[in-house]
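The residues making up each chain are set out below.
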Amino acid sequence: MDPSTVAQLAGSALVAAMATDAWQQARTGVVSVWRRVRPEEAPAVDDELAEARTVLLADDAPADAGELTALWQRRLLELLLADTARTEELTRELHRLTQRLDSAPPAPAVGTIRMHASATDGGSVYQSGRDINISGR
């Protein structure tokens, strides 16, 4: 598989993993690959990945998943092409990581629910983010 395709797949899987239980595995795998090519940048990449996840999961996120995916696809492609002697090895490693992430079970959906209601004239309001059981008055 060519480096461009692997970078696209790995970047997509990485950002998708940010919102799942597979996040630590993805983060560790990408930082490990980075350490082989540019060890001096690995700690900063680790921090950038943590920040990207925070941004992705924030309620008022300024960046969406598509922007983060494109960013990490570019970063991974640059990494793959930075060491032409090891491009094949790194491509295989990222491909293996992508396959593991793709086979990880999805995390349950977690999100924020905002509700607002008001009752007038003695009315009642019942709100629920999921299940609700109302009995009697």
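Let me sum up the structure you'll find in this document.

Cut-offs and rules
Residues numbered from 1 in each chain as written. Predicted model: local features only at pLDDT ≥ 70, side-chain atom pairs only at ≥ 80, totals over all residues. Heavy atoms only, no water. Helix = DSSP H or I, 4+ residues; strand = E, 2+ residues; numbered from the N terminus. Expected span 1.5 Å × (residues − 1). Buried < 20%, exposed > 50% of the residue type's maximum accessible area, 1.4 Å probe, protein only. Contact = heavy atoms within 4.5 Å. Phe/Tyr/Trp six-rings, centres within 6.5 Å; stacked < 30°, edge-to-face > 60°. Core = buried A, V, L, I, M, F, W, Y, C linked by side-chain atoms within 4.5 Å. Salt bridge = Lys/Arg side-chain N within 4 Å of Asp/Glu carboxyl O.

Our next topic: helix α2 (residues 23–37). Between its first and last C-alpha atoms α2 spans 22 Å; for 15 residues at 1.5 Å apiece the expected length is 21 Å, and the two agree. For α2, the full list of buried residues reads W23, A26, R27, G29, V30, V31, V33, W34 and V37. Among the structural elements, α1 (3–17), α3 (42–57), α4 (65–82) and α5 (87–103) are those in contact with the buried residues of α2.

Moving on, we come to the packing of aromatic side chains. Inspection of the entire model under this criterion finds one aromatic pair. Relative to W72, the ring of W34 lies with its centre 6.3 Å away and its plane at 80 degrees, an arrangement referred to as edge-to-face. Taken together, the positions of W34 in helix α2 and W72 in helix α4 put the pair 38 residues apart, joining distant regions of the chain. A residue is classified by how much of its surface remains accessible, and W34, at 1% relative accessible area, is buried. Exposure remark for W72: the relative accessible area of 1% places this residue in the buried category.

Okay, the nonpolar core next. In summary, soluble globular proteins display a tendency toward joint burial of nonpolar side chains. Counting 30 residues, the largest nonpolar core has L14, M18, L49, W72 and L94 as its most contacted members. Elements with a contribution of two residues or more to this core: α1, α2, α3, α4 and α5. Excluding anything up to four places from it in sequence, L49 contacts L14, M18, W23, R27, V30, V31 and W72.

Moving on, we come to unusual backbone geometry. Here D121, not a glycine, exhibits a phi torsion of approximately 55 degrees, which is positive. Among the structural elements, D121 can be located in the segment after α5.

Turning to its location among the elements, H116 is positioned in the segment after α5. Residue H116 is classed as exposed on the basis of its relative accessible area, which comes to 73%.

Moving on: the pattern of salt bridges. Per the counting criterion, the structure on display carries three salt bridges. Across the pair D46 and R27 runs a salt bridge, and its minimum N-O distance is 2.6 Å. You can see D46 sitting in helix α3 and its partner R27 sitting in helix α2, a full 19 residues away along the chain. A relative accessible area of 18% means that R27 is categorised as buried. R38 is the partner of E41 in a salt bridge, and the nearest nitrogen-oxygen pair spans 3.8 Å. Exposure remark for E41: the relative accessible area of 28% places this residue in the partly exposed category. Since its relative accessible area comes to 25%, R38 is described here as partly exposed.

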